[in-house]
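Residue-level structural notes
Here are the chains, one letter per residue:
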Amino acid sequence: MRLVLASTALVFASAAASLSAQTATFALFTPVQPAQKVLVFDNDGRSDRSIAATFDTANISAGVDVNFAFSSNLKFSGALAPLNGPQKADFIMQSKTDDRAVRGLPGLSLQPIDSGTMEFRLETPVDGKDLLLKVAFSEVSLVTSHSSGLEVAMGKPLGESKITYSSDFLDFNTLAPDSWAIALSDIDSCSSVGCDGALNDFSASGSGIFQGVATPLSSIPEPETYGLIAALISLAAVLGRRQWAGLLSGWKLSR
């Protein structure tokens, strides 16, 4: 049994064509152990049938260990060069809902997730920083399909999901469409609808991708580059003085 958590219309292949040509997958993560239980849906099952459920990482204080990587299209240099390639990271996700699941097409149930955040932090900081990626989101939904044997969780299509990215190492184009998806597998129990109208408890392994328009932030030059920078500044100053002297000489001759 598989389950996918996604924002906007990322799970629909046809939606990809509607995204900006500049929008691309800029980061991904996978669990350190393939069958590691990364995420947990917890429905407290109140006796009055009111709903207070969470969808979090298995550990919300220290996080869970994952392998994180920025796209190879993003080139980091200088002090940030160690970010080129896979990174060991701590993943923390917290989200909540007080809504009931909604019956959709035959065999489909949709469980709204009101809001939440995800954070990926380096286990070993780079250039004194550790926040690889933070994602704040709302209007995400878990969708289960029992008739096909495939369980899917996704955000609402047509850009209704709200996403905000931030990072110590990337700059984001906030006007571009953003998307993300998490595919869950090795679910330890069926995520069916409980008596209170929300999904029953389950835990699962997970991997994810993030899409948007991201560019690496400039790093502070390493010490060995200071001399080169100083030399270039001095050369520019000399050339500037010569050019200015030439202009003054020409102006005097023309008088």
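The sections below set out a description of the structure shown in this document. (Residues numbered from 1 in each chain as written. Predicted model: local features only at pLDDT ≥ 70, side-chain atom pairs only at ≥ 80, totals over all residues. Heavy atoms only, no water.)

1. Looking at the pattern of salt bridges
- All told, the structure shown has four salt bridges when counted by the stated rule.
- The partner of Glu119 in a salt bridge is Arg121, with the nearest N and O atoms 3.0 Å apart.
- Notably, a salt bridge pairs Asp130 with Arg121, separated by 2.7 Å at the nearest N-O pair.
- The network of salt bridges with shared partners includes Glu119, Arg121, Asp130 and Lys134. (Salt bridge = Lys/Arg side-chain N within 4 Å of Asp/Glu carboxyl O.)

2. A few points about the environment of Ala24
- Turning to its location among the elements, Ala24 is positioned in strand β2 (residues 24-31).
- Sequence separation between Ala24 and Asp178 is 154 residues; the distance between their C-alpha atoms is 9.0 Å.
- If sequence neighbours within four positions are ignored, Ala24 has contacts with Phe210, Gln211 and Gly212. (Helix = DSSP H or I, 4+ residues; strand = E, 2+ residues; numbered from the N terminus. Contact = heavy atoms within 4.5 Å.)

3. Section: the pairing of strand β6 (residues 87-97)
- Direction of pairing for strand β4 (residues 53-57) relative to β6: antiparallel, over a ladder of two bridges. Counterpart to Ala53 in the pairing with β6 is Thr97.
- Here strand β5 (residues 64-70) pairs with β6 via five bridges, running antiparallel. From the neighbouring strand, Asn67 faces β6, where its bridge partner is Lys88. (Pairing = 2+ DSSP bridges.)

4. Details of the nonpolar core
- Ranked by size, the top nonpolar core spans 46 residues in total, and within it Phe26, Phe91, Met118, Phe120, Trp180 and Phe210 carry the most contacts.
- Broken down by element, the residue count for this core peaks at six residues, all from strand β9 (residues 129-145).
- Leaving out residues up to four positions away in the same chain, Phe120 has contacts with Phe29, Val66, Phe68, Asp90, Phe91, Asp130, Leu131, Leu132, Leu133 and Phe210. (Core = buried A, V, L, I, M, F, W, Y, C linked by side-chain atoms within 4.5 Å. Buried < 20%, exposed > 50% of the residue type's maximum accessible area, 1.4 Å probe, protein only.)

5. Structural notes on the environment of Thr117
- Inspection of the secondary structure puts Thr117 in strand β8 (residues 108-126).
- Residue Thr117 is classed as partly exposed on the basis of its relative accessible area of 30%.
- Between the C-alpha atoms of Thr117 and Asp56, which are 61 residues apart in sequence, the distance is 9.3 Å.
- Those residues within four positions of Thr117 in sequence are excluded, and the remaining contacts are Ile92, Met93, Gln94, Val135, Ala136 and Phe137.

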